Amino acid sequence: MNHVSFYAGCLLSVAAAATSYGASTAPAALSADQIVERNVAARGGLAAWRAAKTLTIAGEMDAGGKPNHALPFVLKEKRPRKSRLEIVFKDQTSVQVYDGTQGWKVRPFLNRNEVETYTPAEKRSAEAEQDLDGPLVDYAAKGTQIALAGVEPVEGHPAYKLKLTLRNGDKRMLWVDAASFLELKIEGEPRKLDAKMHKVAVYFRDYKTEQGLTTPRLQETAIEGVKQTYKMTITRVAVNEPLDDALFQKPQLAALAAPVPKKP
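Residues numbered from 1 in each chain as written. Predicted model: local features only at pLDDT ≥ 70, side-chain atom pairs only at ≥ 80, totals over all residues. Heavy atoms only, no water.

### So, the overall build of the chain
Alright, step 1. Helix and strand counts for the chain come out as 5 helices and 15 strands.
Alright, step 2. Residues counted as buried form 45% of the 264 residues belonging to the chain.
Alright, step 3. The contacts of the chain with a sequence gap of at least 6 include a subset with a gap of at least 24, amounting to 52%.
Alright, step 4. If you sum the accessible surface of the chain, you get close to 13,500 Å²; carbon and sulfur atoms cover 54% of it. (Helix = DSSP H or I, 4+ residues; strand = E, 2+ residues; numbered from the N terminus. Buried < 20%, exposed > 50% of the residue type's maximum accessible area, 1.4 Å probe, protein only. Contact = heavy atoms within 4.5 Å. Areas by Shrake-Rupley, 256 points an atom, 1.4 Å probe, with all protein chains shown as cover.)

Put into structure tokens, the structure is as follows:
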């Protein structure tokens, strides 16, 4: 569920972090595999996630700017590793589609009324994305290696810090709550701003269970050195909703010219 993970975070003072880390709240000594096992169980269990063949989420995401605009979006995912993201801006629909091997985008808000193929960098990023169940479910089968990198607080919560090495060699840090075993934070793909690369962190909050699967309803992304954060609020989650394979093929401009969907 990281395809549309958009920006955020909170900073803790050194004193607050130290206070939250007394001996009585020290996380149990667990291996990386044990942490992953408990995380998968907390999110609904291995069987439930394997049974999920499609996942649809909808809500609003921040566009940034002054004033900030909240844009309606719908993300549809289907195994294996297919995704379609639609974002509505000023009655125009932007689309990103990935069929598991190739990707396309349509960006009318930039006056680009054409279907563009993913750039090599975008294709590499899409190839590195996990399936609809996230990075920890069946991680070994996805070619990911996981190691425990220590413990540290995230927004006042003691957390296990996991180092993920993806199948393409990219590395990500992921923090799992030591009490609930739900993900609290993950490193996002660095952003280039002002000719410099900036770290990105995505925070997960407000978990709810829908059809046996527990997922965050709020994701907030923070870019290092940027004051503004970006929130994605999820108002609808549907599991195993029928999704035709045609949705994940190269977009057709005529279809996108139809009336835009109402806000979820």
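The structure having been displayed, the exposition proceeds.
### Re unusual backbone geometry
Alright, step 1. Note the cis peptide between Arg 79 and Pro 80, where omega equals -5°.
Alright, step 2. Mapping Pro 80 onto the fold places it in the loop between strand E2 (70–78) and strand E3 (82–89).
Alright, step 3. Positive phi is not limited to glycine here, since Asp 194 has a value of about 55°.
Alright, step 4. Relative to the helices and strands, Asp 194 is located in the loop between strand E11 (191–193) and strand E12 (196–198).
Alright, step 5. Even without glycine at this site, Gln 211 takes up a positive phi of about 55°.
Alright, step 6. Its place among the elements puts Gln 211 in the loop between strand E13 (200–210) and strand E14 (213–223).

### Regarding the nonpolar core
Alright, step 1. If you look at the biggest cluster of nonpolar residues, it comprises 37 residues, and the most contacted ones within it are Phe 73, Ile 146 and Leu 162.
Alright, step 2. Where this core is concerned, the elements lending two or more residues are helix H2 (32–42), strand E1 (54–62), E2, E3, strand E8 (157–165), strand E9 (171–177), E13 and strand E15 (230–239).
Alright, step 3. If you look at the next biggest cluster of nonpolar residues, it comprises 7 residues, including Ala 159, Met 173, Trp 175 and Leu 184. (Core = buried A, V, L, I, M, F, W, Y, C linked by side-chain atoms within 4.5 Å.)

### Thoughts on the environment of Leu 46
Alright, step 1. Residue position: Leu 46 is located in helix H3 (residues 46–51).
Alright, step 2. Overall, the relative accessible area of 32% leaves Leu 46 in the partly exposed class.
Alright, step 3. With 92 residues separating them along the chain, Leu 46 and Asp 138 place their C-alpha atoms 8.2 Å apart.
Alright, step 4. With near-sequence residues (within four places) excluded, Leu 46 lies in contact with Val 40, Val 137 and Asp 138.

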